[in-house]
Amino acid sequence: MTIPRIGIIGIGQSAFKAKRQDSNYPELVREAVTLALNDCKMELDEIEAVVYSLAPDALLGITNAERLGVDAVGARNKRFMRINTGGSTGISALAAGHSHIAAGACDVALVAGADKVGECGDSQTILNKIWDPIYERPLPLGTITMLAMSAVRYMHKYGMTEEDMARIVVKNRLHASKNPNAHLRTPTSIEEVMASRMISWPIKLFDACPQSSGGCAMVLASEKYIKDRGLDAVWITGVGHCAESYYIGDRMGNGYIADHADAQALGEACQRSYRMAGITDPTKQIDVAEMYSPFSNTEFHAIEAAGLAKLGESPRMLREGHFQLGGPTPVNPSGGVLCTNAIAVTAMVRVAEVALQVWGRAGEHQVKGARRGIASGNGGDHQFFGTMVVEA
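Residues numbered from 1 in each chain as written. Predicted model: local features only at pLDDT ≥ 70, side-chain atom pairs only at ≥ 80, totals over all residues. Heavy atoms only, no water.

**Brief notes about the pairing of strand β8 (residues 234–243)**
Across the ten residues that make up β8, a large majority, eight, are buried. Both β8 and strand β11 (residues 384–391) contribute to a ladder of eight bridges, which runs antiparallel. By the bridge assignment, Gly240 is partnered in β11 with Thr387. (Buried < 20%, exposed > 50% of the residue type's maximum accessible area, 1.4 Å probe, protein only. Helix = DSSP H or I, 4+ residues; strand = E, 2+ residues; numbered from the N terminus. Pairing = 2+ DSSP bridges.)

**Description of the pairing of strand β4 (residues 108–116)**
In terms of burial, β4 is a largely internal element, nine of the nine residues being buried. Two strands pair when backbone bridges link them, and strand β2 (residues 49–53) and β4 are joined in this way by five bridges, in the parallel orientation. Across the sheet, residue Ala49 finds its bridge partner in β4, namely Ala109. Pairing between β4 and strand β7 (residues 213–222): nine bridges, direction antiparallel. Looking at β7, one finds that Ala114 is bridged to Gly215.

**Points about the state of the cysteines**
Here the structure, examined in full by the defined rule, presents zero disulfides. Here Cys270 stays unpaired: no disulfide links it, and the sulfur of Cys242, its closest cysteine neighbor, is 10 Å away. Taking relative accessible area as the criterion, Cys270 reaches 0% and is therefore assigned buried. (Disulfide = S-S within 2.5 Å.)

**Here's the deal with the environment of Asn297**
For Asn297, the location among the structural elements is in helix α11 (residues 296–305). Owing to a relative accessible area of 3%, Asn297 belongs among the buried residues under this scheme. Taking the C-alpha atoms as reference points, Asn297 and Tyr274, separated by 23 residues in sequence, lie 24 Å from one another. Asn297 has contacts with Leu147, Ser150, Ala151, Met160, Met165 and Ile203, leaving out every residue within four places of it along the chain. Here Leu147 takes part through its backbone oxygen, which lies 3.1 Å from a polar atom of the side chain of Asn297. (Contact = heavy atoms within 4.5 Å. Polar contact = N/O pair within 3.5 Å; in protein donor to acceptor, adjacent residues only side chain to side chain.)

**Comments concerning the packing of aromatic side chains**
Overall, the coordinates contain five aromatic pairs when judged by the stated rule. Ring geometry for Tyr135 against Tyr247: centres 6.5 Å apart, planes inclined by 85°, an arrangement best described as edge-to-face. With Tyr135 in the loop between α4 (123–127) and α5 (143–158) and Tyr247 in the loop between β8 and α9 (264–277), this residue pair connects regions lying 112 residues apart in the sequence. The exposure class of Tyr135 is exposed, given its relative accessible area of 66%. Taking the relative accessible area as the measure of exposure, Tyr247 reaches 32% and is therefore partly exposed. (Phe/Tyr/Trp six-rings, centres within 6.5 Å; stacked < 30°, edge-to-face > 60°.)

**Quick word on the sheet that holds β11**
The strand order across the open sheet built from nine strands is β3-β2-β4-β7-β1-β8-β11-β10-β9, with neighbouring strands paired in mixed fashion. The sheet is open, and its two borders are formed by β3 (79–83) and β9 (288–290), each paired with just one other strand. Neighbour-to-neighbour, the strand axes of the sheet open up by a mean angle of 25°, direction not taken into account. On the sheet, helix α3 (residues 89–102) packs against β1 (6–13), β2, β3, β4, β7, β8, β10 (372–379) and β11 and is oriented at approximately 165° with respect to β2. (Axes fitted to C-alpha atoms, helices over the stretch in contact; angles between N-to-C directions.)

**Quick look at the confidence of the model for the protein**
Model confidence for the protein is summarised by a mean pLDDT of 95, while 98% of its residues fall at 70 or above. Model confidence for the protein, summarised as mean pLDDT per element, is weakest for α4 at 77 and strongest for β9 at 99. (pLDDT = per-residue confidence, 0-100.)

**A short note on the pattern of salt bridges**
Applying the stated rule across the entire model yields 24 salt bridges. Here Arg5 ties to Glu223 by a salt bridge, and the two come within 3.2 Å at their closest N and O atoms. Note that Arg5 is positioned in the segment before β1 and Glu223 in helix α8 (residues 223–228), a separation of 218 residues in sequence. Glu223 gets classed as partly exposed once you look at its relative accessible area, which sits at 23%. Here Arg82 makes a salt bridge to Glu66, at a shortest N to O gap of 2.8 Å. In this pair, Arg82 sits in strand β3 while Glu66 sits in helix α2 (residues 66–69), placing the two residues 16 residues apart along the sequence. (Salt bridge = Lys/Arg side-chain N within 4 Å of Asp/Glu carboxyl O.)

**Points about the packing of α5 against α11**
One can describe the packing of α5 onto α11 by two numbers: an axis separation of 9 Å at closest approach and a directional angle of 65°. The angle between the axes of α5 and α11 places the two elements in the roughly perpendicular class. The two elements α5 and α11 cross, and the hand of that crossing is left-handed. Residues Leu147, Ser150, Ala151 and Tyr154 of α5 pack against Asn297, Thr298, Phe300, His301 and Glu304 of α11. Classifying every residue of the contact of α5 with α11 by side-chain character gives four nonpolar, four polar and one charged. (Parallel < 35°, antiparallel > 145°, perpendicular 65-115°, else oblique. Left-handed = near helix turned anticlockwise from the far one by under 90°. Nonpolar A, V, L, I, M, F, W, Y, C, P; charged D, E, K, R; others polar.)

Here it is in structure tokens:
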């Protein structure tokens, strides 16, 4: 089956910060939409469908908050769909927009969202409610302890150290210092990371993503629409998703397919995108990657799931400079989730950043000569995974 080519013609990102007290929630969404429409010189009336990217309502304190955003994104009397798959919401929303156009339901779709995680109080109190209340929540499991256990398992299997984790933070903070939209833009050192407050061993404060507020929007269009109007675009050539078991206990090896050290479901999502895009050797065919890595240790298994390193090899390759700007395959040149995390759009920003890279529009954090990249998103209790390949 031949899938029609879908292009990205407009991108809008707000500046992400701890708090955006200058904008209420609808205004924050509208800010991103306005930037995206200005980018492709379009008006709201030209948008035929809207996919709304919104993670847990409790982060905003408004039930079904997509209702509040309908007017802000110009969706009245248009096709409208709200998507929520946790941290992977942004890339899932883009996949829904892609499907709208590929199915012939419309020629141009807006995908938009925003979040005010930095203003919700304690996001962990909200996110800790995603676990089964009988079997897992009493551990207690949280998004931090869940991935601290993954770090311990990766250490056991592959010999990763806390210093290796700190090198991820140093790399991403340096990259973020070149990205004007990033939340955490101050470079740091291995010593500062190691000295930061312990949260859940081996994850320290600097190993963890921030709580960010901001918005993102992207305009997608069919190849015919783009060519008929002579528009500039980059192309989504691969889309892949894969889900994992709900229970963390079912990801501990011992006869199960999954091993909590690795990210097998993410790997399968990457392979599905690669097959769709015709990529057979990502180490040679992928120029840049924006991998959803909310904690420093998870970037290692994300790199490996994307086929950019063999299992257990990414810490060594990081030490050799392989994944930094100027290296063979830069990973998270924007600074990644470790530096910016407005949950509803975090995974959308990964795709937006890859699109800007292959478009040659990434500014100071541009990867020289980037023509093809992969982006990913993780959601739930490290359970839902989405990936996209974007090409010039």
